[in-house]
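Breakdown of the fold
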Amino acid sequence: TNTPISVVGLGLMGTALARAFLKAGHPTTVWNRTAAKADALVAEGARLAPTIGDALGGVTIVCLTDYSAVRELLGDAGLDGATLVNLTSGDSAQARETAAWAEKHGARYLDGAIMAIPSSIGTDEAVILLSGPRPDFDLGALGTVSHLGEDPGLASLYDVAGLTMMWSVLNAWLQGTAMLKTAGVDAATYAPFARQIAAGVADWLPGYAEQIDKGSFPAEVSALETDARAMAHMVEESEALGVNAELPKLIKAMADRAIAAGHGGEQYPVLIREFERPGS
Ligand code: NDP
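Overview of the structure. All values reported here derive from a predicted model rather than from experimental measurement.

Basis of the calculations
- Residues numbered from 1 in each chain as written.
- Predicted model: local features only at pLDDT ≥ 70, side-chain atom pairs only at ≥ 80, totals over all residues.
- Heavy atoms only, no water.
- Salt bridge = Lys/Arg side-chain N within 4 Å of Asp/Glu carboxyl O.
- Helix = DSSP H or I, 4+ residues; strand = E, 2+ residues; numbered from the N terminus.
- Buried < 20%, exposed > 50% of the residue type's maximum accessible area, 1.4 Å probe, protein only.
- Patch = residues over 30% accessible without salt bridge, like charges linked within 9 Å, V, L, I, M, F, W, Y side chains within 5 Å.
- Areas by Shrake-Rupley, 256 points an atom, 1.4 Å probe, with all protein chains shown as cover.
- Pairing = 2+ DSSP bridges.
- Right-handed = clockwise from strand over helix to strand, strands pointing away.

Glancing now at the pattern of salt bridges. Summed over the entire model, instances satisfying the criterion amount to eight salt bridges. Put simply, Asp151 and Arg96 hold a salt bridge, and the shortest N to O gap is 2.9 Å. With Asp151 in the loop between β8 (144-147) and α5 (154-181) and Arg96 in helix α4 (residues 92-104), this pair connects stretches of sequence that are 55 residues apart. Judged by relative accessible area, which is 35%, Arg96 ranks as partly exposed. Among the salt bridges present, the one from Glu239 reaches Lys249, with a minimum N-O distance of 3.2 Å. Of the two residues, Glu239 sits in helix α8 (residues 224-241) while Lys249 sits in helix α9 (residues 246-263), which places them 10 residues apart along the sequence. Using a relative accessible area of 44% as the deciding quantity, one classes Glu239 as partly exposed. Three or more residues are tied together by salt bridges with common partners; here these are Arg257, Glu274 and Arg277.

For the rest of this paragraph, the subject is a nonpolar patch on the surface. Taken together, Phe193, Ile197, Val201 and Trp204 make up a surface patch of nonpolar side chains, about 400 Å² in accessible area. With respect to the element layout, Phe193 can be found in helix α6 (residues 187-202).

What follows covers the pairing of strand β5 (residues 83-86). The two faces of β5 match: Thr83 and Val85 on one face and Leu84 and Asn86 on the other face are all buried. As defined by bridge partners, strand β4 (residues 59-62) adjoins β5 across four bridges and the pair is classed as parallel. The partner of Ile61 across the bridge, within β5, is Val85. Read from β4 through helix α3 (residues 67-74) to β5, the crossover connection turns out right-handed. Pairing analysis gives four bridges linking β5 to strand β6 (residues 108-115), with the strands arranged parallel. Bridge assignment links Val85 to a residue of β6, and that residue is Leu110. Handedness of the crossover joining β5 and β6 through α4 is recorded here as right-handed.

Shown next as structure tokens:
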């Protein structure tokens, strides 16, 4: 676990990454465009790289605002022989392009994604995803690290997929909270109930995933047309209460399209077909 590590980019996240490496006993080198942001880490035992080139000796973690900043910074740095782990957030196309670019310049390149906030870095709760060549060094100091495969775009793809989950759950909860507030129920009263529903639905995923992977959707629990009737209540209730009905309408519109295509007697995950192609 004592691989020397460099951290390039000492914003909120990069600082947390560098601190976790220091705490775990990695010899840690840091570099930031605005050098003053390294002061606290240097006081804690990090070595300050005088130039970006000096930070590229061992395993270099890169955590900047976006991929264009990464290309801008590393473009002239001389990457031959470097090992880069780019934990900057982006999409899978950017990750694949940057991997090809870095490899062309002689670097070993792993892409990654951080599904965590800075304060959780260094704990098991911090999920760090990696993709690209399998690493022969240990980044476990950062949290729960998973290597997803050789395709460098995978970490970003999982990251973006996870964002969809996060915001969909939050939006669903906010919709329900807005509905209940009209009856004087406050958010804190509804939250534990909503949490239980979200956790219960999460338990359905493995079984539903099996249906998707088999491409067969027998209605074991309920048929889509039964679900669609409940969706109509959700839309009508929102409209009657005078709260926003956009999300309920979107949910119902997707089910209606699948029913119109002849899938009303099948189970909910048959809707994967609506998600696999662009909507209207
Ligand atoms: P900050 O805005 O705090 O830091 C941005 C960093 O990028 C700074 O070190 C900044 O340097 C550097 N930078 C930007 N442009 C350039 C450039 N052209 N050349 C050199 N350095 C540059 O952002 P965060 O640390 O919060 O986020 C960094 C990455 O981590 C992002 O991709 C973000 O999506 C991801 N992330 C962040 C999370 C969070 O909760 N903060 C959660 C999950 C992922 P300077 O100090 O000189 O401005």
